[in-house]
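# An overview of the molecular structure
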Amino acid sequence: ETLDASGMHVLPGAIDVHVHFRDPGYSHKEDFGSGTAAAAFGGVTTVFDMPNTIPTVANAEVLTAKHKLASEKAYVDYGLYAVLGEESLTHIDELVEAGVIGFKCYMGNTFGRIPSPSTGAMLELFELVAPTGKRISLHAETNSIMERRESRLRAAGRTEPLAHLASRPAVVAVEAVARAAILAEWTGARIHVLHISSAAELRPLAEAKARGVEITGETCPHYLLLSEKDYEKSGGIVRVNPPVREAPNREPLWNALIDGTIDMVATDHAPHTPEEKTRNDIWTVDCGFPGVETQMPLMLTEINRGRATIRDYVRWSAENPAKQFGLYPRKGTLTVGSDADIAIVDMNRRWSIDDAKIQSKSKISPWQGWSCTALPIHTIVRGRFVMKNRVLNEQARGTGRSVHTIQKMPAPAPKNTDATMAAVTGGKG
Ligand code: NCD
Ligand code: ZN
Ligand code: ZN
């Protein structure tokens, strides 16, 4: 068989720091085999899997079992998150020892209904994680407000998309980002803001960066490309936490990526079955949809339209995730050697997304019928083809490895809170 890469673009494989592969516990939605196969078809060579599986990843025993499961099925490399909450409070060091890639803190409620720590508990948890150097990724939405709003709207029979938006207004994200940034500033913890959906969140993010807080942010293709109009088109299928917002949010998110306020693009790949996505009552539709396979085609289509440069895209998809999670330069760049992670992409291919044909078990997404002008043709993980000429290399199942062994996240300098206080008060404290 011939392999022809003439006229194609060779890019570092994408690193998606936010996927839900559902294994174990929800393997009817996805598992490590189907999820990492979808990644391979999307030019994604490393994924970080979220801890809202069953049981929740909150101690070393559960993490180790999940590592074993992943190693048996994965086509691409992976890291595994643990939850940061009261249930993991006494297990932080053992989780680090067992190779956790980072911690996920659910400030607000979402799929899996993981309890959110109080601000006081968060302070304690940030203090415990800071010296380990690991990054804390935040589901930054404030809980109680939206829970009450949602039940009120639901009781009033409000099902239209804007009612859904109103149930999780941007202010709950703005408040959560600002609060987490203050806790990070005072504890020295590194934090990462997941799924930035609104222009309003950019202010607390940029302000924290300007103060020197070790904070990074991601946005997802659906916040860059969809808007409230898509609820009319796709109904509950577009339902996701945080919600896809009104169209004017999109331009500022693109600009924030270009100017570096937002560091990376992740997908929040959150598969559910067609039945779970098409219930009549929009409030009972599971939130999220698959994305790991379509991120690169959708984003590169925008690059082809002149939205940004291909160099920008490589920064968002590979270089910054690798740098900010301690994998650079082993990952996130085109290395000279035999262990390269590569996506070979046809940047001049017209095709349309067909949900029925995606690798993910969840064959339903708001991207159905979207036209793209770019497509990954081959994907290589550490020198091995995992996807060649749009065909999965079945032999590569179980060759994906955990990247915790190459992660370098040196502990930051300890925070002197008195010095911080002096900085905050201008020395008058
Ligand atoms: C995610 C899921 O389904 O696990 N859903 C979502 O709407 N994004 C959870 C999450 O990331 O909030
Ligand atoms: Zn989330
Ligand atoms: Zn998520």
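Our structure's up above, just so we're on the same page.
Summary of the structure given here. In this text, all values refer to a predicted model and were calculated from it rather than measured experimentally. (Residues numbered from 1 in each chain as written. Chains lettered and ligands numbered in written order. Predicted model: local features only at pLDDT ≥ 70, side-chain atom pairs only at ≥ 80, totals over all residues. Heavy atoms only, no water.)

### Here we look at the nonpolar core
- The biggest cluster of nonpolar side chains holds 92 residues, and the ones touching the most others in it are Val47, Leu84, Phe103, Phe126, Ile136, Leu138 and Leu300.
- The residues contacting leucine 138, other than those within four sequence positions of it, are Cys105, Met107, Phe126, Ala180, Ile191, His192, Val193 and Leu194.
- With 18 residues, the next largest nonpolar core counts Tyr81, Ile101, Tyr106 and Met264 among its residues. (Core = buried A, V, L, I, M, F, W, Y, C linked by side-chain atoms within 4.5 Å. Buried < 20%, exposed > 50% of the residue type's maximum accessible area, 1.4 Å probe, protein only. Contact = heavy atoms within 4.5 Å.)

### Looking at the coordination of the zinc ion (ligand 3)
- The protein atoms that coordinate the zinc ion (ligand 3) are His18 (NE2), His20 (NE2) and Asp268 (OD), at distances spanning 2.0 to 2.1 Å.
- For the zinc ion (ligand 3), all donor residues lie on one chain, and their spacing in sequence is H-x1-H-x247-D. (Donors = N, O, S within 2.8 Å, 3.2 Å for Na, K, Ca; no water.)

### Describing the coordination of the zinc ion (ligand 2)
- Within the protein, the zinc ion (ligand 2) binds to His139 (ND1) and His195 (NE2); these donor distances fall in the range 2.1 to 2.2 Å.
- Classification of the site at the zinc ion (ligand 2) rests on its four donor atoms, whose angles at the metal span 52 to 137°, yielding the label irregular.
- Here the zinc ion (ligand 2) and the zinc ion (ligand 3) are spaced 3.7 Å apart. Remark: histidine 195 occurs in the loop between strand 7 (190–193) and helix 8 (202–210) and histidine 139 occurs in strand 6 (residues 135–139); sequence separation between them is 56 residues. With respect to class, histidine 139 is no different from histidine 195; both count as buried. (Tetrahedral: all angles 85-135°; square planar, octahedral: opposite > 155°, others 65-115°. Helix = DSSP H or I, 4+ residues; strand = E, 2+ residues; numbered from the N terminus.)

### Regarding the site of ligand 1
- The environment of ligand 1 is formed by 16 residues, the closest being Arg22, Asn52, Thr110, Asn241 and Asp268.
- Here an oxygen atom of ligand 1 and a side-chain polar atom of histidine 139 are 3.0 Å apart.
- Glycine 288 is positioned with one of its backbone polar atoms (N or O) 3.5 Å from an oxygen atom of ligand 1.
- Coverage of ligand 1 by the protein amounts to 100% of the 310 Å² it exposes when considered alone.
- In this structure the site holding ligand 1 corresponds to the largest cavity.
- In terms of residue class, the shell around ligand 1 is made up of four nonpolar, nine polar and three charged. (Near = heavy atom within 4 Å. Polar contact = N/O pair within 3.5 Å; in protein donor to acceptor, adjacent residues only side chain to side chain. Areas by Shrake-Rupley, 256 points an atom, 1.4 Å probe, with all protein chains shown as cover. 1 Å grid on protein atoms, 1.4 Å probe; cavity = no way out; pocket = protein on both sides within 12 Å on 5 of 7 lines; lining within 4 Å. Sits in = over half its atoms within 2 Å of the grid points. Nonpolar A, V, L, I, M, F, W, Y, C, P; charged D, E, K, R; others polar.)

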